[in-house]
Amino acid sequence: DQQVKQNSPSLSVQEGRISILNCDYTNSMFDYFLWYKKYPAEGPTFLISISSIKDKNEDGRFTVFLNKSAKHLSLHIVPSQPGDSAVYFCAAKRGSSNTGKLIFGQGTTLQVKP
Amino acid sequence: NAGVMQNPRHLVRRRGQEARLRCSPMKGHSHVYWYRQLPEEGLKFMVYLQKENIIDESGMPKERFSAEFPKEGPSILRIQQVVRGDSAAYFCASSPPFAGLTYGYTFGSGTRLTVV
């Protein structure tokens, strides 16, 4: 039962352009969504999050959009840089507290070409 | 302020042996989560622990796997009688007891288990 899905295994963009990574979920009870970035042989690192009561959150080059009616969120990276090349995971959880399990998608590998 | 520390980074076990993976959470963090990443897959939740308590073990396989987070010392994920299908990267994450989710959970670098 894959509650969080990232249907694009990979994405390739040119440096300076926009990267858009997508994520869909099935559980309408999710309250909080997070994006993590992962380099090979390292653990995931937190990027940005959004509460279900919002539809947009921005942090520097990273913006997350949430469309609750479509159960869809996306991560926009503008402008993309070669150092952004990594695997990106979206995750979701119930409750907005700092406890409780995260449900992860399968990940999307982003390659930013110089 | 050290991050989440996992050891060993790499672990090789023969089929039938036991594997013990250790996780020391960030200072001040009292919640520990274990995740498994199989090759070419995402991270799958296994278990959520607080000191001396298992809060949610809904992702743990029913047999051979156990986890603990004692009052003193690191959290331990134990896999008995390992099989080749247990080969994966095992990640530990921690979170503080009182905070919002603005900064997410902090993950360790993982333990890569190879069963030969």
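Check the entry above for the structure.
This is a predicted model, so every value here is computed, not measured. Each chain has its residues counted from 1, running along the sequence as written. To read the labels, note that chains go from A and ligands from 1, taken in the order they are written. At least 70 in pLDDT is required for a residue's local features to be given in this predicted model, at least 80 for side-chain atom pairs to be given and counted, and no such filter applies to totals for whole chains, interfaces and linings, which use all residues. Note: side-chain values were computed over all heavy atoms of the structure, leaving out hydrogens and water.

*Asks:* Quick one: what's the story with the sheet that holds strand S1 (residues 5-7) of chain B, residue by residue and with numbers?
*Replies:* All names here are of chain B. Whether two strands pair depends on DSSP finding at least two bridges between them. Runs of H or I in DSSP of at least four residues are treated as helices and runs of E of at least two as strands, each being numbered from the N terminus. Pairing is antiparallel in the open sheet, where four strands are placed in the order S1-S3-S8-S7. Two strands lie at the open edges of the sheet, namely S1 and strand S7 (65-68), each paired on one side alone. Each strand axis lies, on average, 15° off the axis of its neighbour in the sheet, ignoring direction. Note: strand S3 (residues 19-24) against strand S8 (residues 75-79), five bridges, orientation antiparallel. What sits directly across from Arg20, in S8, is Arg78. Working convention: axes come from line fits to C-alpha atoms, limited for helices to the stretch in contact. Angles between N-to-C directions cover 0 to 180 degrees.

*Asks:* Give a description of the packing of aromatic side chains that names residues and reports values.
*Replies:* Centres within 6.5 Å are what make two rings of Phe, Tyr or Trp a pair, Trp counting through its six-membered ring; a difference in plane orientation under 30 degrees is then read as stacked, over 60 as edge-to-face, and the rest as tilted. In total, this model carries 13 aromatic pairs over all chains according to the counting rule given. Residues Tyr33 of chain B and Tyr48 of chain B carry aromatic rings whose centres are separated by 4.5 Å and whose planes lie at 15° to one another, so their mutual orientation is stacked. Note that Tyr33 of chain B is positioned in strand S4 (residues 31-37) and Tyr48 of chain B in strand S5 (residues 43-50), a separation of 15 residues in sequence. Here the two residues Tyr33 of chain B and Tyr48 of chain B agree in accessibility, since each one is buried. Where Tyr35 of chain B meets Phe45 of chain B, the ring centres are 5.8 Å apart and the plane angle is 70°; that geometry is what we call edge-to-face. Taken together, the positions of Tyr35 of chain B in strand S4 and Phe45 of chain B in strand S5 put the pair ten residues apart, joining distant regions of the chain. One aromatic cluster is present, built from ring pairs that chain together Tyr36, Phe46, Phe89 and Phe104 of chain A together with Tyr35, Phe45 and Phe107 of chain B. Here's how the labels work: a residue is buried when its accessible area is under 20% of the maximum for its type, exposed when over 50%, partly exposed in between, all with a 1.4 Å probe on protein chains only.

*Asks:* Go over the state of the cysteines, please, and point to the residues and values.
*Replies:* Residues and elements named next belong to chain A. The term disulfide is used for any two cysteine sulfur atoms that are within 2.5 Å. The tally for this structure, following the rule as stated, stands at two disulfides over all chains. Cys23 shares a disulfide with Cys90; S-S distance 1.9 Å. The sign of the S-S torsion, about 60°, decides the handedness of the disulfide formed by Cys23 and Cys90: right-handed. On the criterion of sequence distance, the pair formed by Cys23 in strand S3 (residues 19-25) and Cys90 in strand S9 (residues 86-93) is long-range, its members being 67 residues apart. Here Cys23 and Cys90 have matching classes, each one buried.

*Asks:* For the interface of chain A and chain B, give the residues involved together with the corresponding values.
*Replies:* Each partner contributes to the interface: chain A provides 24 residues, whereas chain B provides 27 residues. Simply put, the buried area is the total loss of 1.4 Å probe accessible area from both parts when two parts are fitted together. Taking both partners together, chain A and chain B bury about 1,900 Å²; carbon and sulfur atoms supply 55% of that area. Contact with chain B buries surface across chain A, with Asn98, Lys101 and Phe104 of chain A losing the most and accounting together for 32% of the total. Between Lys or Arg on one side and Asp or Glu on the other, a salt bridge is scored when a side-chain nitrogen of the former is within 4 Å of a carboxyl oxygen of the latter. Along the contact surface separating chain A from chain B lie one salt bridge. In the analysis that follows, any N or O atom pair within 3.5 Å is treated as a polar contact, provided that within protein one partner can donate a hydrogen and the other can accept it, and provided that, for residues neighboring in sequence, both atoms belong to side chains. Remark: the boundary between chain A and chain B carries seven residue pairs in polar contact (both at pLDDT 80 or more). Listing elements by their share of the side of chain A that touches chain B, those giving two or more residues are strand S4 (32-38), strand S5 (45-51) and S9 of chain A. Partitioning the side of chain A that touches chain B into residue classes produces nine nonpolar, eleven polar and four charged. Any pair of residues with heavy atoms lying within 4.5 Å of one another is described as a contacting pair. Polar here means any residue outside two lists: the nonpolar Ala, Val, Leu, Ile, Met, Phe, Trp, Tyr, Cys and Pro, and the charged Asp, Glu, Lys and Arg; Gly therefore counts as polar.

*Asks:* Kindly report on the nonpolar core, identifying the contributing residues and their values.
*Replies:* Formed by 24 residues in total, the largest nonpolar core has its most connected members in Val4, Phe33, Trp35, Leu73, Leu75 and Tyr88 of chain A. Put simply, the parts of the chain that give this core at least two residues each are S3, S4, S5, strand S7 (62-67), strand S8 (72-77), S9 and strand S11 (108-113) of chain A. The element best represented in this core is S9 of chain A, accounting for four residues. When residues no more than four places from it in sequence are discounted, the contact partners of Val4 of chain A are Cys23, Asp24, Tyr25, Phe30, Cys90, Ala92, Ile103, Phe104, Gly105 and Gln106 of chain A. We define the nonpolar core as a collection of buried residues of types Ala, Val, Leu, Ile, Met, Phe, Trp, Tyr and Cys that are connected through side-chain atoms lying within 4.5 Å of one another. Listed in part, the 23 residues of the second largest apolar core include Val4, Met46, Val47 and Ile79 of chain B.

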